[in-house]
Amino acid sequence: MTARASDNAEIQNYVIPKEAWNILTTAKKESVPVFIFGMSGYGKTSLIRNFFKNKNYYYCDENTTLKEYLKISTGKRKTPIPVVFDDIQLVADEKIREQILILTERSDLWPIYISRALYLSWLRPSYAARKYVIIRENMLALSDAQARDFLEARDLHFSTEQVKKLQSFIQGNPFALTAAASRLQQEPDTKKLAPFLQEIFAGKMQQEIKKHWDQDFKTFFLIMSTPNSFTPELAEKLSGSPFVMAYLEKARNTGSFLVKENDHYFIRPIPLAALRHQANITFGSAKIKELALHSAQWYEQNDDFENAMALYLKAERKDCVIDLLIQNAAQNPSNGHYLGLSKYYFELSEKEIEQNIVLMSGMCMVCSMTFKTEQSEYWYEKIKERARTAKGKEKTEAKRRLAYLDIALPHRGSKNILSIIKDLSTLIITKGMKLPAFSITSNLPSTMNGGKDFSDWSLKDKEIMTKYGALIALAAGEDGKGLLNLAMGESQYEKGGTTSDILPFLSRGQLETELSGNIDMTFVSTALLIRFYLINGQYETALLQYTAFEKKCKEKKAVKLLPNLYALRCRIDLLLGDTSSVNVWLTEYAPDENKEIFALLRFQYLTKIRCYLQQGKLTEAFSLNEKMKWYAEHYHRTYISIECKILDAIISYRNNESETWKLYLTDALELGSKYHFIRLFSEEGNSLLPLLKKMRDELTKDPNIDRRYLLQLINETERMASIYRTYGVAVFTSRTAFSDTARNILRYQTEGLSVNEIAERLAIKPETIRYHIKQNYKKLGVKTKSQAVIAAREQHLI
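These figures come from a predicted structure and were not determined experimentally.

Calculation rules
Residues numbered from 1 in each chain as written. Predicted model: local features only at pLDDT ≥ 70, side-chain atom pairs only at ≥ 80, totals over all residues. Heavy atoms only, no water. Helix = DSSP H or I, 4+ residues; strand = E, 2+ residues; numbered from the N terminus. Rg over C-alpha atoms; globule rule 2.2 N^0.38 Å. Buried < 20%, exposed > 50% of the residue type's maximum accessible area, 1.4 Å probe, protein only. Contact = heavy atoms within 4.5 Å. Areas by Shrake-Rupley, 256 points an atom, 1.4 Å probe, with all protein chains shown as cover. Salt bridge = Lys/Arg side-chain N within 4 Å of Asp/Glu carboxyl O. Core = buried A, V, L, I, M, F, W, Y, C linked by side-chain atoms within 4.5 Å. Axes fitted to C-alpha atoms, helices over the stretch in contact; angles between N-to-C directions. Left-handed = near helix turned anticlockwise from the far one by under 90°. Nonpolar A, V, L, I, M, F, W, Y, C, P; charged D, E, K, R; others polar. Polar contact = N/O pair within 3.5 Å; in protein donor to acceptor, adjacent residues only side chain to side chain. Expected span 1.5 Å × (residues − 1). pLDDT = per-residue confidence, 0-100. Pairing = 2+ DSSP bridges. Arc of directions from axis to C-beta. 1 Å grid on protein atoms, 1.4 Å probe; cavity = no way out; pocket = protein on both sides within 12 Å on 5 of 7 lines; lining within 4 Å. Points joined across faces, edges and corners; volume = space filled by probe spheres on them. Phe/Tyr/Trp six-rings, centres within 6.5 Å; stacked < 30°, edge-to-face > 60°. Lys NZ or Arg CZ within 6 Å of the ring centre and 35° of its normal. Disulfide = S-S within 2.5 Å.

## As for the overall build of the protein
Step number 1: Looking only at helices and strands, the protein has 42 helices and 8 strands in total.
Step number 2: What you see for the protein is a C-alpha radius of gyration of 31 Å, in line with the 28 Å of a compact globule of 798 residues.
Step number 3: Expressed as lengths along the three principal axes of its C-alpha atoms, the size of the protein is roughly 95 × 65 × 55 Å.
Step number 4: Buried positions account for 53% of the 798 residues belonging to the protein.
Step number 5: When contacts within the protein are restricted to residue pairs at least 6 apart in sequence, long-range pairs at least 24 apart make up 71% of them.
Step number 6: Carbon and sulfur atoms make up 51% of the accessible area of the protein, which totals about 36600 Å².

So, in structure tokens, the structure goes:
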């Protein structure tokens, strides 16, 4: 084989992926081996052909023979000649692999590998020794802006939302975008686009399957295209194959269509659509429904109701859908799947819902949780009517459900909750009534601000606990273990109590919850202790508490606690100034308030407001805070109402709305003074301190704010500000703050180069590199290389 000039028949209007192009340019200077991987259609080969346009290079692919490899000439050259190994994942011949590794070591050659798989076990030793530069698929993908420009150039005018919707399917794949544009020029109906693209990729993938997949491997993945994701256990159940792990390993070594996240495997959207298209042809609809049913049953058995529901619908089993919704309605909101299943409740007809009391109760709860309070009360009255007219077990169940809803409905507040609990306790003791399970906390890290707002109880906490504590614990059921100690500890904490006021209650409460095995209440005890340690500057102890509890959650598979637990960790990261970790939470875990607001996610929304403030996104912070204010007002949440007033004051202050922020802060302090809430304010540290200082004299004269309370609050806020100096200071990282050298160093760090290697590339002393790295970390607000890389990418610095 001889070196050849690059093909001139390039893709028309080729869009250069800048990041990938820059990496190739940098790697070329030192002839560093480059490994390019990505799914079919991402333009891996096109990138190389355009990069080497009108230049000589060696090109090898799956058809290159051993003889041709041996003919690659040796010689002393000033500049090593590129040798491209395309579709290297398909090379199976051991002798050819050995020859490729020999060529890789030659100093007169610059090796470039193109693969559909990242994991090639036979290349790993060479990769480790020579530290390849990797060009990942996301570096080849077209951005939303590039996709839109591409379409505009073809006189196809898409809105931002339409582009995002298209991108969610094609994921920046240039081949898919080209096919979509060509189709839309002939047939402008966008509704017909997805089936067309599926058919295109089905044909493309079918060629791949025929050429490279053996029959058993093909059958296995056609079967596993039925669910949206699967575990090895589910794969064994559906396929009946003893070679599941071998197929999964082979898939990862021969292509990039399979992604692993924790214990689950996902087939990526484009190949998944193609495989499903082929599965329908191969198996027929009856077999697909059977596979969907078996998958749904497995997911249901493993308490994954959302996946089970989607698959029951695919299997066209409406009876199973309704049974699953009834099962979910029988659980309390913290243990159920109300968020994931809410849309399915609303798809049922009124007649279908009225067939079952438990389902009616579930509908009543879902409506309340999604802020449809009138509909919630409508279904409550329906159950009340059934309790009057029904007989026997149905009548008993209706009464049980009404008693449960009286306590648990989120929009009802807690005004009459004590009298309701007293009446219920009497029924439990005298008549043996067993309430449906309900949660004091709703998976939130609080008793005072959990399932209900108990701010009023804090005014007479000791009296209530002495007179009614036993009845409250009895009515709370499983959540009653440790409840009294935790509630007292939290009340003392919020009111600015001392260590001796707080810690005995929290420590005893934590022990009681751990002994009872109630992980929901253990979350509360852990979160309260974390807050206690943080206000005392013991953040390392707080992090130990967090890490131990996160491990416990994962061991016990308490996945429903993880979203709020991760939000709690984000609040710790905000305090500690860990900008990179905050950005990770925002990107990967934070809920999207623009899609749908859900009451159970309130702790996460309020965390997100603080993230927006830290990023200087005041409009976003204001918008989300307005939604939380509406929730607090209509759902009788005193604690959140004060919290929103504090956040309103901070937002307005930063927007230079001088009179407005003073009104908000005054309102917050007047209400906070009534309850003597200290920590809700003081935890905001530097976010709130400037406001308190500017208004101190005015606030001291306010007759509705206790002076001793105000003095304690300001002192504690000053103390928090002195411990966590970076918290509350909005971070703005400008691209102009980074020199070309600083950005090059960041770029080389993403490629895994050491300080000495970067120094060699840039012809700069290692000490100078270390100085730049230190300055980069400071500007990005991070502490480690991995955090710097993430932050730099998110802020488009590299």
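## Topic: the pattern of salt bridges
Step number 1: Enumeration according to the criterion identifies 31 salt bridges in this entry.
Step number 2: The closest approach of N and O atoms between Glu 385 and Arg 388, which form a salt bridge, is 2.4 Å. With Glu 385 and Arg 388 both in helix 21 (residues 373–389) and 3 residues apart, the pair spans about one turn of that helix.
Step number 3: Glu 684 is the salt-bridge partner of Arg 610, the closest N and O atoms lying 2.9 Å from each other. One end of the pair, Arg 610, is in helix 32 (residues 602–615); the other, Glu 684, is in the loop between helix 36 (679–682) and helix 37 (689–700), and 74 residues separate them in sequence.

## Structural notes on the environment of Pro 563
Step number 1: Within the element layout of this structure, Pro 563 appears in helix 30 (residues 562–576).
Step number 2: Sequence spacing of Pro 563 and Tyr 589 is 26 residues, and the spatial spacing of their C-alpha atoms is 7.1 Å.

## Brief notes about the nonpolar core
Step number 1: One finds Ile 135, Phe 221, Phe 230, Leu 665, Leu 669 and Phe 681 to be the most contacted residues of the largest nonpolar core, which totals 162 residues.
Step number 2: One finds Leu 444, Phe 549, Ala 567 and Tyr 727 within the second-largest nonpolar core, a separate group that totals 51 residues.

## Points about the packing of helix 7 (residues 144–152) against helix 9 (residues 174–186)
Step number 1: Two elements in contact, helix 7 and helix 9, have axes whose closest approach is 10 Å; the angle formed by their N-to-C orientations is 35 degrees. Classified by chirality, the crossing of helix 9 by helix 7 is right-handed. Contacts between helix 7 and helix 9 involve Ala 147, Phe 150 and Leu 151 on the former and, on the latter, Leu 177, Thr 178 and Ala 181.
Step number 2: Residue composition of the contact of helix 7 with helix 9, grouped by class: 5 nonpolar, 1 polar and no charged.

## Quick word on the environment of Phe 454
Step number 1: With respect to the helices and strands, the residue Phe 454 is situated in the loop between helix 23 (417–431) and helix 24 (455–459).
Step number 2: With near-sequence residues (within four places) excluded, Phe 454 lies in contact with Ser 414, Ile 417, Thr 447 and Met 448.

## Topic: the side chain of Thr 522
Step number 1: As for its placement among the helices and strands, Thr 522 is situated in helix 28 (residues 519–535).
Step number 2: Of the residues examined, Thr 522 reaches a relative accessible area of 3% and is grouped as buried.
Step number 3: Within the structure, the side chain of Thr 522 is placed 3.4 Å from the side chain of Thr 513, a separation counted as a polar contact.
Step number 4: Not counting the four nearest positions on each side in its chain, Thr 522 is found in contact with Thr 513, Glu 514, Phe 549 and Lys 552.

## Section: helix 15 (residues 285–301)
Step number 1: Between its first and last C-alpha, helix 15 extends 24 Å over 17 residues, near the 24 Å set by a 1.5 Å rise per residue.
Step number 2: Taken as a whole, helix 15 has its buried residues at Ile 288, Leu 291, Ala 292, Leu 293, Ser 295, Ala 296, Trp 298 and Tyr 299.
Step number 3: Of the surrounding secondary structure, the elements contacted by the buried residues of helix 15 are helix 11 (215–223), helix 12 (232–239), strand 8 (264–267), helix 14 (269–283) and helix 16 (305–314).
Step number 4: Once helix 15 ends, the next one or two residues include Asp 303, with phi positive near 60 degrees.

## Quick word on the confidence of the model for the protein
Step number 1: Confidence in the prediction for the protein averages 86 pLDDT; 93% of positions are at 70 or higher.
Step number 2: In this model, residues 5–12 is a region of pLDDT below 50 whose contacts with residues beyond four sequence positions or in other chains number 17 contacts.

## A look at the pairing of strand 8
Step number 1: Taking every second residue as pointing to the same face, the buried face of strand 8 carries Tyr 265 and Ile 267, while none of His 264 and Phe 266 on the other face is buried.
Step number 2: Note: strand 7 (residues 258–261) against strand 8, 4 bridges, orientation antiparallel. Within strand 8, the position partnered with Glu 261 by the bridge is His 264.

## Quick notes on unusual backbone geometry
Step number 1: In the Ramachandran plot, Asp 303 falls in the positive-phi region, its phi being about 60 degrees despite a non-glycine side chain.
Step number 2: Relative to the helices and strands, Asp 303 is located in the loop between helix 15 and helix 16.
Step number 3: Asp 303 gets classed as partly exposed once you look at its relative accessible area, which sits at 37%.
Step number 4: Phi angles above zero are rare outside glycine, and Asn 443 is one such case at about 65 degrees.

## What to know about helix 37
Step number 1: In this model, helix 37 (12 residues) spans 15 Å end to end at C-alpha, consistent with the 16 Å of a helix rising 1.5 Å per residue.
Step number 2: All of the buried residues along helix 37 are Leu 689, Leu 691, Leu 692, Met 695 and Leu 699. Projection of helix 37 onto a plane perpendicular to its axis shows the buried side chains occupying an angular sector of 130 degrees, all on one side. Those residues of helix 37 that are exposed and angled more than 90 degrees off the buried face are Lys 693, Lys 694 and Asp 697.
Step number 3: Of the surrounding elements, those touching the buried residues of helix 37 are helix 34 (638–654), helix 35 (658–675) and helix 38 (707–723).

## Some remarks on the pairing of strand 3 (residues 56–60)
Step number 1: Of all 5 residues in strand 3, 4 are buried; the element is thus mostly enclosed.
Step number 2: Pairing analysis gives 3 bridges linking strand 3 to strand 4 (residues 81–85), with the strands arranged parallel. Paired with Tyr 58 across the bridge in strand 4 is Val 83.

## A closer look at empty space enclosed by the protein
Step number 1: Under the criterion given, the structure shown has 3 cavities of 30 Å³ or more.
Step number 2: In this structure, the largest cavity encloses a volume near 500 Å³.
Step number 3: In terms of lining, the largest cavity is formed by 30 residues, of which the most central are Arg 531, Arg 571, Phe 603, Glu 643 and Glu 683.
Step number 4: Among the secondary structure elements, those contributing two or more residues to the lining of the largest cavity are helix 26 (483–494), helix 28, helix 30, helix 32, helix 34 and helix 36.
Step number 5: Class assignment of the residues belonging to the lining of the largest cavity gives a composition of 18 nonpolar, 2 polar and 10 charged.

## A closer look at the packing of aromatic side chains
Step number 1: This model, assessed by the stated rule, comprises 33 aromatic pairs.
Step number 2: With centroids separated by 6.0 Å and ring planes inclined at 55 degrees, the aromatic side chains of Trp 213 and Phe 221 adopt a geometry described as tilted.
Step number 3: Residue classification places Trp 213 among the buried residues on the basis of a relative accessible area of 13%.
Step number 4: For Phe 221, a relative accessible area of 0% puts it in the buried group.
Step number 5: Note on Phe 371 and Tyr 635: the rings are 5.3 Å apart at their centroids and 85 degrees apart in plane angle, and the pair reads as edge-to-face. Of this pair, Phe 371 sits in the loop between helix 20 (357–369) and helix 21 while Tyr 635 sits in the loop between helix 33 (618–634) and helix 34, and the two are 264 residues apart along the sequence. Comparing Phe 371 with Tyr 635 shows no difference in burial state: the two are buried.
Step number 6: Through successive ring pairs, a cluster of aromatic residues spans Trp 213, Phe 217, Phe 220, Phe 221, Tyr 247 and Phe 257.
Step number 7: Positioned above the aromatic ring of Phe 217 is the side chain of Lys 250, whose terminal nitrogen or guanidinium carbon lies 4.6 Å from the ring centre.
Step number 8: Geometry around Tyr 493 places Arg 679 over its ring, the cationic atom sitting 5.1 Å from the centre.

## Observations concerning the state of the cysteines
Step number 1: Applying the stated criterion across every chain yields a total of 0 disulfides.
Step number 2: Free of any disulfide, Cys 570 has its nearest neighbouring cysteine sulfur in Cys 611, separated by 3.5 Å.

## Here we look at the environment of Tyr 57
Step number 1: Mapped onto the secondary structure, Tyr 57 falls in strand 3.
Step number 2: Given a relative accessible area of 0%, Tyr 57 falls into the buried group.

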